Amino acid sequence: MDEKTHQYHEQAYKIMKQKGVCCWEKLLSPKNNEIDDQSHQFLKEVLTKKWFPKQGRAIELGCGTAPILRFVCEKGFDGVGADISKTAISMAKQQTPAANIRFERMDVCAEEIEKLGKFDVVIDGHCLHCVVAASNRKKFLKNAFRILNQKGILIIMTMCGTVNKKQFLKNSRGEKIVRDILYIPNKNGFLPIRKISVRKIITEEIQKAGLSILMAKYINPVGKDPFGSLMIAATKD
Ligand SMILES: C[S@@+](CC[C@H](N)C(=O)[O-])C[C@H]1O[C@@H](n2cnc3c(N)ncnc32)[C@H](O)[C@@H]1O
């Protein structure tokens, strides 16, 4: 696990808690919905597919304060939210009165995830791009495969290159991108916080983990956002 990157998330949630902000999207702008429009659209589409489970167990890996998990569970799933951040888990619990959703603080790249059992739906709601090291990304996807039921569906919603460099520089507050890694400045130099690979690389990572892609959508960078998005639904072979 990447301790320093996790501290960055923990810090961000502490700021959200202090400011009374419920989730990342609202931190970006109070006018935003809790789930960004692209992810919301993709989830709505996937949920109507005939291959999508109609009920069962769903888990979100890196659930944060859990707006995505709550949305999916409203459709008839029992949920588990897993996140490494203590503050995110406590905020998620506060925001989730539903009795059919529980939360676990854990590193989703660690093998202990198996103790949570098997799931019909495994969701990556923008966590995989926070897992920077290649070895940890392998573990993340291996875990997603392991805990997925045979006909289960893995949803991946992740940042994707190529980056709109002009827009990136316009927004930048000292961040830099070297190859496909986004770094933020900190007191010790630079901290790697995001892996923004191109579609081909992300697709290969998922396939190498033994998963078959059923549906994929690439969305170009739009507006002030310099990064593209890749949305994937996959299943076991
Ligand atoms: C960009 S946030 C997205 C949170 C949430 N899915 C949402 O949409 O609001 C990524 C989350 O992944 C969590 N995370 C990153 N690496 C993790 C790991 N190895 N194990 C568990 N959680 C992790 C972070 O703490 C953070 O809450």
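Residues numbered from 1 in each chain as written. Predicted model: local features only at pLDDT ≥ 70, side-chain atom pairs only at ≥ 80, totals over all residues.

**Focus on the overall build of the chain**
Part 1 of the reasoning: In terms of regular secondary structure, the chain is built from 8 helices and 10 strands.
Part 2 of the reasoning: Its C-alpha atoms give the chain a radius of gyration of 17 Å, within 12% of the compact-globule value 18 Å for 237 residues.
Part 3 of the reasoning: Across its three principal directions, the C-alpha atoms of the chain cover 45 × 40 × 35 Å.
Part 4 of the reasoning: The proportion of buried residues among the 237 residues of the chain is 42%.
Part 5 of the reasoning: Pairs at least 24 residues apart make up 65% of the contacts formed inside the chain by residues separated by at least 6 positions. (Helix = DSSP H or I, 4+ residues; strand = E, 2+ residues; numbered from the N terminus. Rg over C-alpha atoms; globule rule 2.2 N^0.38 Å. Buried ≥ 20, exposed ≤ 12 C-beta atoms within 10 Å, placed from the backbone. Contact = placed C-beta atoms within 7 Å.)

**Focus on the sheet that holds strand β4 (residues 119-125)**
Part 1 of the reasoning: The 7 strands lie next to each other as β3-β2-β1-β4-β5-β10-β9, forming an open sheet whose pairing is mixed. Lying at the two open borders of the sheet, with one neighbouring strand each, are β3 (101-105) and β9 (211-219). Neighbour-to-neighbour, the strand axes of this sheet turn through a mean angle of 15°, independent of strand direction.
Part 2 of the reasoning: Taken together, the 7 bridges between strand β5 (residues 148-160) and strand β10 (residues 228-236) define a ladder with antiparallel strand orientation. Considered in β10, the bridge of T158 is made with L230.
Part 3 of the reasoning: Contacting β2 (77-83) and β3, helix α5 (residues 86-95) runs over the sheet at an angle of about 170° to β3.
Part 4 of the reasoning: Of the strands in this sheet, β1 (56-61), β4, β5, β9 and β10 touch helix α6 (residues 134-147), which is tilted by about 150° from β5. (Pairing = 2+ DSSP bridges. Axes fitted to C-alpha atoms, helices over the stretch in contact; angles between N-to-C directions.)

**Notes on the site of the ligand**
Part 1 of the reasoning: Not every one of the 22 residues close to the ligand is listed here, only the nearest: H9, G62, G64, I84 and G125.
Part 2 of the reasoning: Among the residues making up the shell around the ligand, the classes are represented as 13 nonpolar, 7 polar and 2 charged. (Near = placed C-beta within 6 Å. Nonpolar A, V, L, I, M, F, W, Y, C, P; charged D, E, K, R; others polar.)

**Some words on the sheet that holds strand β8 (residues 189-195)**
Part 1 of the reasoning: Read across the sheet, 3 strands follow the order β6-β7-β8 without closing on themselves; strand pairing throughout is antiparallel. At either end of the open sheet lies a strand with only one pairing partner, and these are β6 (176-178) and β8. Across the sheet, the mean angle from the axis of one strand to that of its neighbour is 40°, orientation sign disregarded.
Part 2 of the reasoning: Pairing analysis gives 3 bridges linking β6 to strand β7 (residues 181-186), with the strands arranged antiparallel. Within the sheet, the bridge partner assigned to I177 lies in β7 and is L182.

**Quick notes on the packing of helix α1 (residues 3-19) against α5**
Part 1 of the reasoning: Between α1 and α5, whose axes approach to 7 Å, the crossing angle comes to 40°. Between α1 and α5, the crossing angle belongs to the class labelled oblique. Facing E10, Y13, K14 and K17 of α1, the residues of α5 in contact are K86, T87, A88 and M91. (Parallel < 35°, antiparallel > 145°, perpendicular 65-115°, else oblique.)

**What about α5?**
Part 1 of the reasoning: Residues of α5 that are buried include every one of T87, A88, I89, M91 and A92, and no others.
Part 2 of the reasoning: Looking at the buried positions of α5, the neighbouring elements they touch are α1, β2 and β3.

**Let's talk about the nonpolar core**
Part 1 of the reasoning: Counting 60 residues, the largest nonpolar core has V122 and I123 as its most contacted members.
Part 2 of the reasoning: Top element by residues in this core is β5. It accounts for 8 residues.
Part 3 of the reasoning: Look past the residues within four positions of I123 in its chain and what remains in contact with it is A58, I59, E60, L61, I68, L69, V72 and I155. (Core = buried A, V, L, I, M, F, W, Y, C linked by C-beta atoms within 7 Å.)

**Considerations on the pairing of β2**
Each regular strand shows side chains that alternate between the opposite faces of the sheet.
Part 1 of the reasoning: For β2, a buried count of 6 out of 7 residues is recorded, marking the element as mostly surrounded by other parts of the structure.
Part 2 of the reasoning: Remark: the β1/helix α4 (residues 67-73)/β2 crossover connection has right-handed handedness.
Part 3 of the reasoning: Note that β2 and β3 share 5 bridges and pair parallel. Its bridge partner lying in β3, D83 is registered against R105. (Right-handed = clockwise from strand over helix to strand, strands pointing away.)

**Overview of unusual backbone geometry**
Part 1 of the reasoning: Here the residue pair G161 and T162 is connected by a cis peptide bond, since its omega of 10° sits within 30 degrees of zero.
Part 2 of the reasoning: With respect to the helices, strands and loops of the structure, T162 is situated in the loop between β5 and α7 (165-171).
Part 3 of the reasoning: The phi torsion at A66 lies on the positive side, around 80°, for a residue other than glycine.
Part 4 of the reasoning: Classification of A66 as buried rests on a count of 28 C-beta atoms within 10 Å.
Part 5 of the reasoning: A positive phi angle is found at R179, which is not glycine, with a value near 55°.

**Quick notes on the environment of N32**
Part 1 of the reasoning: For N32, the location among the structural elements is in the loop between α2 (24-28) and α3 (37-47).
Part 2 of the reasoning: The class for N32 is partly exposed, based on 14 C-beta atoms found within 10 Å.
Part 3 of the reasoning: Each C-alpha atom of the pair N32 and I202 lies 27 Å from the other, and the pair is 170 residues apart in sequence.
Part 4 of the reasoning: Contacts of N32, omitting those with residues within four sequence positions, involve E25 and K26.

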